[in-house]
Amino acid sequence: MAKPSSILFVTSEVFPFVKVSPIADVSASLPLALKEKGLDVRVMMPKYGHVSERKNRIHDINRLRDMPVPINGTDIFATIKSSSISNSRSKVQTYITTNDEYFNSHKGVYSDLKTGEEFKNNAERFIYFARSVVETCVLLEWYPEIIHCNNWHAALVPALAKILYPKKFNKTKFILTVHDFSDQGGFAWSNFERMGIDEDKFGENFKHKNKFNF
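Residues numbered from 1 in each chain as written. Predicted model: local features only at pLDDT ≥ 70, side-chain atom pairs only at ≥ 80, totals over all residues. Heavy atoms only, no water.

Draft legend 1. How the structure looks around the packing of helix H3 (residues 122-140) against helix H5 (residues 157-164). One way to put it is that H3 packs onto H5 with a least axis distance of 9 Å and a crossing angle of 50 degrees. Here H3 is positioned oblique relative to H5, judged by the angle of their axes. For the pair H3 and H5, the crossing hand works out as right-handed. Residues Ala130, Arg131, Val133 and Val134 of H3 pack against Val157, Leu160, Ala161 and Leu164 of H5. (Axes fitted to C-alpha atoms, helices over the stretch in contact; angles between N-to-C directions. Helix = DSSP H or I, 4+ residues; strand = E, 2+ residues; numbered from the N terminus. Parallel < 35°, antiparallel > 145°, perpendicular 65-115°, else oblique. Left-handed = near helix turned anticlockwise from the far one by under 90°. Contact = heavy atoms within 4.5 Å.)

Laid out in structure tokens, this is it:
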């Protein structure tokens, strides 16, 4: 069987940019291992407020500045920046979603670093991130053979890609790796409408125990 030539690895954490759980280590080591095998592997993650752009050499990509990302029926602009993860043998490009409202203003990944409390808008934050992943592929006209999504924070990417852009992603295969089945991203059902998807047509596919389940 021929090896896939292009893979986008979508995750909420990547070492050394940020690490809250072991997923950050997997999100660095697996893409680097695949890169060493000659595959076109790229990573995408959000940039949180406590992550230094200078220290991590995060820089702008001209064509990905002020990219409109629809959420709640409104375009909220994101700037997708670039950096890389590397070891002594290979380097992997990393796309980084930046947005003041959802990420830069939050000093923490899932929870406030000072109080330890989960951010109340986590559902909206990661709906936004998932949509930014899809819109980045569309803007770059790069449709990977595989998009590998990790945990609930990236789990909406396949649905958004298939529902909103079925022709563009018709050859893309999707993988979802669940690292923690006890945390599935369950939120109040009212969050569903933020995705801009027809509830009557698709709603039941996202519902579990009367909650919106990523």
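Draft legend 2. Local environment of the environment of asparagine 99. Its location among the elements puts asparagine 99 in the loop between strand S6 (91-98) and helix H2 (100-104). Look at asparagine 99 and you get buried, because its relative accessible area is 6%. Residues asparagine 99 and phenylalanine 129 lie 30 residues apart in sequence; the distance between their C-alpha atoms is 9.5 Å. Of note is the side chain of asparagine 99, whose polar atom sits 2.8 Å from the backbone nitrogen of tyrosine 102. (Buried < 20%, exposed > 50% of the residue type's maximum accessible area, 1.4 Å probe, protein only. Polar contact = N/O pair within 3.5 Å; in protein donor to acceptor, adjacent residues only side chain to side chain.)

Draft legend 3. Just a nonpolar patch on the surface, in detail. Where nonpolar side chains cluster on the molecular surface, the patch consists of Leu176, Val178 and Phe181 and spans about 290 Å² of accessible area. With respect to the secondary-structure elements, leucine 176 resides in strand S8 (residues 173-177). For leucine 176, a relative accessible area of 44% puts it in the partly exposed group. (Patch = residues over 30% accessible without salt bridge, like charges linked within 9 Å, V, L, I, M, F, W, Y side chains within 5 Å. Areas by Shrake-Rupley, 256 points an atom, 1.4 Å probe, with all protein chains shown as cover. Salt bridge = Lys/Arg side-chain N within 4 Å of Asp/Glu carboxyl O.)

Draft legend 4. Here's a closer look at the sheet that holds strand S11 (residues 211-213). Spatial strand order, S9-S11-S10: three strands in an open sheet with antiparallel pairing. Since the sheet does not close on itself, it has two edges, and those belong to strand S9 (186-187) and strand S10 (207-208), each with one partner. By the bridge criterion, two bridges tie S10 to S11 in an arrangement that is antiparallel. Paired with lysine 207 across the two strands is phenylalanine 212, which belongs to S11. (Pairing = 2+ DSSP bridges.)

Draft legend 5. Quick look at the environment of serine 27. Among the structural elements, serine 27 can be located in helix H1 (residues 23-36). When the C-alpha positions of serine 27 and glutamate 13 are compared, they lie 7.0 Å apart, and in sequence the two are 14 residues distant. Each residue touching serine 27, except ones within four places of it in the same chain, is listed here: Phe9, Thr11, Glu13, Val14, Val43 and Ile85.

Draft legend 6. The arrangement of unusual backbone geometry in detail. Going from phenylalanine 15 to proline 16, the amide bond is cis rather than trans, its omega being 15 degrees. Looking at the element boundaries, proline 16 is found in the loop between strand S1 (6-10) and H1. Phi at asparagine 72 takes a positive value of approximately 60 degrees, unusual for a residue other than glycine. Relative to the helices and strands, asparagine 72 is located in the loop between strand S4 (67-71) and strand S5 (74-86). The exposure class of asparagine 72 is partly exposed, given its relative accessible area of 37%. One non-glycine residue with positive phi stands out, namely asparagine 210, at about 60 degrees. With respect to the element layout, asparagine 210 can be found in the loop between S10 and S11.

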